[in-house]
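Here is what each chain is made of, one letter per residue.
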Amino acid sequence: MSFAGLLLTYGLNTWLPEIMGQYGFGKAYSLTFLLVLNAAAIVGGLVAAATVDRTGPKRIIAGTFALAALALVLLTFHMPFAVLLTAVGVAGVGTIGTQVLVYGFVSNFYTTPTRAAGVAWCAGFGRLGGILGPLAGGLLLSAGVTGQAAFWIFAVVALLGAVVTALVPRPAAREAEELAGATAHDGDAEPALR
């Protein structure tokens, strides 16, 4: 999940203006596209985080990855500018906004003493995607791949992120910690009752 999220985050932040330039949007639009991508990620990330607190992270993260895939596919069509900006915003929520949620989700898979190391491993592995995203975008564009194909490739990565998220099992480490905590609390309560 982290690998896909950071690949998309850094790939789109690096290459979105260039890809959109192939669709006829000049340099003046570069800042607009990046601003919408990142601003929507902030707002959408906050809304998604509030939803995660009520429903759990797995469905929300898989759903936002899937929304990113859909938005990236929509970017390959010629649409009115307002619709295009909306698709860029949804892509921002499903990439940058989703990546923030991944760390909270991953933390549920580790017990308290190992949580920092587990999330750090996730972040470290994700950084490989963060390195590959800009490199892959550069290789694709220098090889003459069209912006449409680049968006499709990014969409496939987002879809793979959704599939991987959907396949994540319940965190066994968390269950063990909760069970141990319940047993410890039961043991603490008995002497007080005597």
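All values reported here derive from a predicted model rather than from experimental measurement.

So, the overall build of the protein
Right, on to step 1. Each helix and strand counted, the protein has seven helices and zero strands in total.
Right, on to step 2. Shown N-terminal to C-terminal, the secondary structure of the protein runs as helices and strands in the order α-α-α-α-α-α-α.
Right, on to step 3. Counting over 194 residues, the protein shows a buried share of 41%.
Right, on to step 4. Considering only intrachain contacts with a sequence separation of at least 6, the fraction spanning at least 24 residues in the protein is 82%.
Right, on to step 5. Accessible area of the protein: about 10,200 Å², with a carbon and sulfur share of 73%.

A word on the nonpolar core
Right, on to step 1. Ranked by internal contacts, the top residues of the largest apolar core, which has 45 residues, are Met 1, Met 20, Phe 33, Leu 72 and Phe 151.
Right, on to step 2. Mapped onto this core, the elements with two or more residues apiece are helix 1 (2–22), helix 2 (30–55), helix 3 (57–74), helix 4 (81–107), helix 5 (115–142) and helix 6 (147–166).

Let's talk about the confidence of the model for the protein
Right, on to step 1. For the protein, the average pLDDT comes to 87, and 88% of its residues sit at 70 or higher.
Right, on to step 2. Looking at the elements of the protein, mean pLDDT is at its lowest for helix 7 (residues 172–193), recorded as 51, and at its highest for helix 3, recorded as 95.
Right, on to step 3. Note that pLDDT drops below 50 for residues 185–194; the model gives that stretch zero contacts with residues more than four away or on any other chain.

Focus on the packing of helix 1 against helix 5
Right, on to step 1. Packing of helix 1 against helix 5 brings their axes to within 5 Å, and their N-to-C directions diverge by 25°. Taken together, the axis directions place helix 1 and helix 5 in an arrangement best described as roughly parallel. Both helix 1 and helix 5 take part in a crossing whose hand is right-handed.
Right, on to step 2. Its residues assigned to classes, the contact of helix 1 with helix 5 comprises 13 nonpolar, 10 polar and two charged.

Some points on the packing of aromatic side chains
Right, on to step 1. A full pass over the atoms with the stated rule returns nine aromatic pairs.
Right, on to step 2. Taken together, the ring pairs connect Phe 25, Tyr 29, Phe 33 and Phe 81 into an aromatic cluster.

Scoring rules and cut-offs
Residues numbered from 1 in each chain as written. Predicted model: local features only at pLDDT ≥ 70, side-chain atom pairs only at ≥ 80, totals over all residues. Heavy atoms only, no water. Helix = DSSP H or I, 4+ residues; strand = E, 2+ residues; numbered from the N terminus. Buried < 20%, exposed > 50% of the residue type's maximum accessible area, 1.4 Å probe, protein only. Contact = heavy atoms within 4.5 Å. Areas by Shrake-Rupley, 256 points an atom, 1.4 Å probe, with all protein chains shown as cover. Core = buried A, V, L, I, M, F, W, Y, C linked by side-chain atoms within 4.5 Å. pLDDT = per-residue confidence, 0-100. Axes fitted to C-alpha atoms, helices over the stretch in contact; angles between N-to-C directions. Parallel < 35°, antiparallel > 145°, perpendicular 65-115°, else oblique. Left-handed = near helix turned anticlockwise from the far one by under 90°. Nonpolar A, V, L, I, M, F, W, Y, C, P; charged D, E, K, R; others polar. Phe/Tyr/Trp six-rings, centres within 6.5 Å; stacked < 30°, edge-to-face > 60°.

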